[in-house]
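Here are the chains, one letter per residue:
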Amino acid sequence: AQKVTQAQTEISVVEKEDVTLDCVYETRDTTYYLFWYKQPPSGELVFLIRRNSFDEQNEISGRYSWNFQKSTSSFNFTITASQVVDSAVYFCALLGTGANSKLTFGKGITLSVRP
Amino acid sequence: GAGVSQSPRYKVAKRGQDVALRCDPISGHVSLFWYQQALGQGPEFLTYFQNEAQLDKSGLPSDRFFAERPEGSVSTLKIQRTQQEDSAVYLCASSFSRALAKNIQYFGAGTRLSVL
């Protein structure tokens, strides 16, 4: 079975601080995909990034960066110089293959960025 | 359309009432998914369609839950004889490719169901 653990439940930072959201996953699949989604108060899940299990290269997109480490089964997400608009719930998710070909989400991390 | 559209956004039902939730996926998207999101939790998979075929319904919690996508586009999730534990946000997602494992799923804003 697949599992995604987001141990942090709520994080509060002041604007311009850097913040890292942790994600640890479990799967027996050798091929799998990892995702981060953002859920603002409007409720819609917004896709942020997808990573496959064979690509451990870190990725940076503007103020966002992701650190994928297979050795520790982690896929952490860092927001640099946070802004109030970053306030949302962030979900890490895992998509496996075969019988695991369905998104398994963590419980989410509520990020509050104060001005 | 520009994105996944779900209606209604909010639904209040009396216990025992039947409800129908609608999902209009992104035009041309082959795959469609339904998820249930309880308060303070991550979404949980309910069922998956590829065109009109329901290929996986392993996440449906009981036989009171039924989903269909008769023409391979719009989908309806029906809950019969609603119970209080059915209260949740129901999210719909769609994706373009038939290759499930490579898809990016795009989500709608969800329907918040409250059963009194």
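Structure: above.
The following paragraphs examine the structure supplied in this document.

Moving on: the interface of chain A and chain B. Across the boundary between the two partners, chain A contributes 20 residues, which contact 20 residues of chain B. Taking both partners together, chain A and chain B bury about 1700 Å²; carbon and sulfur atoms supply 56% of that area. Of all residues in chain A, the largest losses of buried area upon contact with chain B belong to Leu-45, Lys-102 and Leu-103 of chain A, amounting jointly to 26% of the total for that side. Taken together, chain A and chain B are joined by one salt bridge. Here Lys-102 of chain A and Asp-56 of chain B are joined by a salt bridge, their closest N and O atoms 3.1 Å apart. The tally of links from chain A across to chain B stands at five residue pairs in polar contact (both at pLDDT 80 or more). Mapped by element, the contributors of at least two residues to the side of chain A that touches chain B are strand 5 (33-39), strand 6 (46-52), strand 10 (88-95) and strand 11 (103-105) of chain A. Here the element with the most residues in the side of chain A that touches chain B is strand 5 of chain A; it accounts for four residues.

Here the focus is the pairing of strand 3 (residues 19-24) of chain B. Regular strands place their side chains on alternate faces of the sheet. Residue and element names in this part refer to chain B. Residue alternation in strand 3 divides its side chains into a buried set, Val-19, Leu-21 and Cys-23, and an unburied set, Ala-20, Arg-22 and Asp-24. Where strand 1 (residues 5-7) and strand 3 come together, three bridges link them in antiparallel fashion. Each bridged residue has a counterpart across the sheet, and for Ser-5 the counterpart in strand 3 is Asp-24. Relative to strand 8 (residues 75-79), strand 3 runs antiparallel, the two being bridged by five bridges. Residue pairing across strands places Arg-22 opposite Thr-76, the latter belonging to strand 8.

Summed over all chains, the structure comprises two disulfides over all chains. Each sulfur in the disulfide pair Cys-23 of chain A and Cys-92 of chain A lies 2.0 Å from the other. Taking the sign of the torsion about the S-S bond as the criterion, the disulfide between Cys-23 of chain A and Cys-92 of chain A, at about -65°, is left-handed. Placement of Cys-23 of chain A in the loop between strand 3 (19-21) and strand 4 (24-26) and of Cys-92 of chain A in strand 10 is noted, with a sequence separation of 69 residues between them. The same class applies to Cys-23 of chain A and to Cys-92 of chain A, which are both buried. Put simply, Cys-23 of chain B and Cys-92 of chain B are joined by a disulfide, and their sulfur atoms are 1.9 Å apart. As the torsion about the S-S bond is roughly -70°, the Cys-23 of chain B-Cys-92 of chain B disulfide counts as left-handed. With Cys-23 of chain B in strand 3 and Cys-92 of chain B in strand 9 (residues 88-95), the pair connects residues that are 69 residues apart, well separated along the chain.

Our focus in this paragraph is the nonpolar core. Membership of the largest hydrophobic core comes to 24 residues, with the highest contact counts inside it found for Leu-21, Trp-36, Phe-77, Tyr-90 and Leu-111 of chain A. Elements represented by at least two residues in this core include exactly strand 2 (10-14), strand 3, strand 5, strand 8 (64-69), strand 9 (74-79), strand 10 and strand 12 (109-114) of chain A. No other element matches strand 10 of chain A, which puts four residues into this core. With near-sequence residues (within four places) excluded, Leu-21 of chain A lies in contact with Gln-8, Ile-11, Trp-36, Asn-76, Phe-77, Tyr-90 and Ile-109 of chain A. In this structure, Ile-26, Trp-34, Leu-60 and Ala-67 of chain B belong to the second largest nonpolar core, which totals 20 residues.

The rules behind the values
Starting from 1, residues in each chain are numbered consecutively following that chain's sequence as written. Written order determines the labels here, with chains lettered from A and ligands numbered from 1. Local features in this predicted model are restricted to residues of pLDDT 70 or higher, and side-chain atom pairs are both shown and tallied only at a pLDDT of 80 or more, whereas totals for entire chains, interfaces and linings draw on every residue. Hydrogens and water are ignored here; the side-chain numbers use all heavy atoms of the structure. Note on definitions: a residue-residue contact is assigned when non-hydrogen atoms from the two residues lie within 4.5 Å. Accessible area that two parts lose when put together, with a 1.4 Å probe and added across both, is what the buried area reports. A side-chain nitrogen of Lys or Arg and a carboxyl oxygen of Asp or Glu constitute a salt bridge if their distance falls within 4 Å. Definition of a polar contact: a pair of N or O atoms within 3.5 Å, with one able to donate and the other able to accept a hydrogen when the atoms are protein atoms, and with sequence-neighbouring residues admitted only if both atoms are side-chain atoms. Strands are runs of DSSP state E lasting at least 2 residues, helices are runs of H or I lasting at least 4, and numbering of each runs from the N terminus. Buried means the residue's accessible area, taken with a 1.4 Å probe over protein chains only, is under 20% of the maximum for its type, while exposed means over 50%, and partly exposed covers the values in between. One requirement defines pairing of two strands: DSSP has to find at least two bridges between them. Throughout, a disulfide means two cysteine sulfur atoms within 2.5 Å of one another. Definition used in this section: a nonpolar core is a set of buried Ala, Val, Leu, Ile, Met, Phe, Trp, Tyr and Cys residues joined via side-chain atoms within 4.5 Å.

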